[in-house]
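Coordinate inspection notes
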Amino acid sequence: DSLGPGLRACYRYLNQTSRSFAAVIQALDGELRHAVCIFYLVLRALDTVEDDMSISLDVKVPMLHEFHSYLYQPEWKYMESKEKDRQVLEDFPTISSEFRSLSKVYQDVISDICHKMGVGMAEFLEKKVDSQNEWDKYCHYVAGLVGIGLSRLFSASELEDPIVGQDTDLANSMGLFLQKTNIIRDYLEDQLEGREFWPREVWSRYAKKLSDLAKPENIDMAVQCLNELITNALHHVPDVLTYLSRLKNQSVFNFCAIPQVMAIATLAACYNNKQVFRGVVKIRKGQAVTLMMDATNIQAVKTIMYQYVEEIYQKIPSADPSCHKTQQIVASIRAQSLPHGPMASRHHYSPIYVSCAMLLAALSWQYLSTVSKAAEDLVQTGEN
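What you are looking at is a predicted structure, and each value in this text was computed from that prediction instead of being measured.

**Structural notes on the overall build of the protein**
Helix and strand content of the protein: 20 helices and zero strands. For the protein, restricting intrachain contacts to residue pairs at least 6 apart in sequence, the fraction spanning at least 24 positions comes to 75%. By element, 52% of the accessible surface of the protein is carried by carbon and sulfur atoms, the whole surface being about 16200 Å².

**Focus on empty space enclosed by the protein**
Enumeration according to the criterion identifies four cavities of 30 Å³ or more in this entry. What the largest cavity holds in volume is close to 290 Å³. In terms of lining residues, the largest cavity is bounded by 20 residues, among which Phe21, Val146, Leu150, Leu178 and Phe255 are the most central. Listing elements by their share of the lining of the largest cavity, those giving two or more residues are helix H2 (21-26), helix H3 (30-51), helix H8 (132-156), helix H10 (168-185) and helix H15 (250-270). Counting residues per element, the lining of the largest cavity draws most heavily on H8, which supplies five residues. Of the residues belonging to the lining of the largest cavity, the class tally is 14 nonpolar, six polar and no charged. Each of two domains, domain 1 (1-127) and domain 2 (181-343), supplies a minimum of three residues to the lining of the largest cavity.

**What about unusual backbone geometry?**
Trans is the prevailing form of peptide bonds, just as negative phi is the prevailing case for residues other than glycine. Although it is not a glycine, Glu158 sits at a positive phi angle of roughly 70 degrees. Residue Glu158 is classed as exposed on the basis of its relative accessible area of 70%.

**Thoughts on helix H16 (residues 285-294)**
Along an α-helix, a turn takes 3.6 residues, which lines up residues three or four apart on a common side. Listed in full, the buried residues belonging to H16 are Gln287, Ala288, Leu291 and Met292. Each buried residue of H16 lies within a common arc of 130 degrees when the element is viewed along its axis, so the set occupies one face.

**Examining the side chain of Ser251**
Relative to the elements of secondary structure, Ser251 occurs in helix H15. On the accessibility criterion, Ser251 (5% relative accessible area) is buried. Looking at Ser251, its side chain comes within polar contact range of the side chain of Asn249, at 2.5 Å.

**Considering the packing of H16 against helix H17 (residues 298-314)**
Close contact between H16 and H17 brings their axes to 9 Å; oriented N to C, the two are set at 145 degrees. Contact residues: Gln287, Leu291 and Asp294 in H16; Ala300, Ile304 and Tyr308 in H17. The residue makeup of the contact of H16 with H17, split by class, is four nonpolar, one polar and one charged.

**What to know about the packing of aromatic side chains**
Summed over all chains, the structure comprises 13 aromatic pairs. Pairing Tyr70 with Trp76 gives two aromatic rings, centres 4.0 Å apart and planes at 10 degrees, and the pair type is stacked. Taking the centre distance of 5.4 Å and the plane angle of 80 degrees together, the rings of Tyr72 and Phe99 count as edge-to-face. Residue Tyr72 is found in the loop between helix H4 (57-70) and helix H5 (87-90), and its partner Phe99 is found in helix H6 (residues 92-101); the two are separated by 27 residues along the sequence. Residue class for Tyr72 comes out partly exposed when judged on its relative accessible area of 42%. Here the basic side chain of Lys127 rests over the ring of Phe124, its NZ or CZ set 4.7 Å away from the ring centre. In this arrangement the basic side chain of Arg334 is found over the ring face of Tyr313, its NZ or CZ atom lying 4.2 Å from the centre.

The rules behind each value
- Residues numbered from 1 in each chain as written.
- Predicted model: local features only at pLDDT ≥ 70, side-chain atom pairs only at ≥ 80, totals over all residues.
- Heavy atoms only, no water.
- Helix = DSSP H or I, 4+ residues; strand = E, 2+ residues; numbered from the N terminus.
- Contact = heavy atoms within 4.5 Å.
- Areas by Shrake-Rupley, 256 points an atom, 1.4 Å probe, with all protein chains shown as cover.
- 1 Å grid on protein atoms, 1.4 Å probe; cavity = no way out; pocket = protein on both sides within 12 Å on 5 of 7 lines; lining within 4 Å.
- Points joined across faces, edges and corners; volume = space filled by probe spheres on them.
- Nonpolar A, V, L, I, M, F, W, Y, C, P; charged D, E, K, R; others polar.
- Domains from an automatic or database assignment.
- Buried < 20%, exposed > 50% of the residue type's maximum accessible area, 1.4 Å probe, protein only.
- Arc of directions from axis to C-beta.
- Polar contact = N/O pair within 3.5 Å; in protein donor to acceptor, adjacent residues only side chain to side chain.
- Axes fitted to C-alpha atoms, helices over the stretch in contact; angles between N-to-C directions.
- Phe/Tyr/Trp six-rings, centres within 6.5 Å; stacked < 30°, edge-to-face > 60°.
- Lys NZ or Arg CZ within 6 Å of the ring centre and 35° of its normal.

Structure follows, in structure tokens:
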């Protein structure tokens, strides 16, 4: 009730377009909450333009390049989108108005990330992901930049130390881990919709066409390809743990940690699993609730990471071409996750505070009625 009509509309759009991140955004402290809400909606609008196949490339490419400038054009809106989240484009004047009401330090971050992301999205509109370097580059544009932008907002709010926003490599890894998990898990869905995000450099060693991996006669090679990509994604976990160990604010920690533990649980479920090529692999509802309630401090997150990489280790086939690389990265994560290890956090959060905060978030979000879909979406940075 204390919010103006513009901000109220923005939070309404947030809840309409994101079942998963709406709760953790609204649980953030102070003015950071509004900045992240607007950041989310700006990137949701940009992503809606990219996803809209009814917009011709000669219109879409300039829009993506110039989208950041629309933040400073009070009347700009786009009324021709066919996408389900088109309201963020149709009422963009409300979003851009609230953007211009933010402190300049927040505006500069959001505008800069929007510009870089738009340029990156345009670059990959007409080309496929070939090399593993290009896979990292694509994931950087659509997710790593989100991690970098959020980290800069955390530091700008002074809830976190400057190093959190300055260390772009770690922030980038936070985004890449989520995005790669999303891409790996959604192989079949992307195939059915005509999208390809698995890097050709990897899958071409196992099949002539990426779509061939879904054929029953190719299932053994498909699983080997899957395991190699999961091994690639696991290399971001040490950076994730280092990043999370630096966080001091409880609401920021929850915001960052919950998607990461959902991602490692999803990778553990997908590893060496033929079902990835036959349907959707999901983590269980109860598992999602437990992860959400447990991931409230760095040592708890290390324990969760240790648990799931151990689960992966137990499933490594001795004949898998990537088995030695998988064993090596698992060993590295194990060493970093051990109690009293080199990254043990100085910060200890009150269990009572944490429980109350998470309960309020769950109630406001009606989490228990939507947790299955939410857990699914948490690792989809396609939502940005």
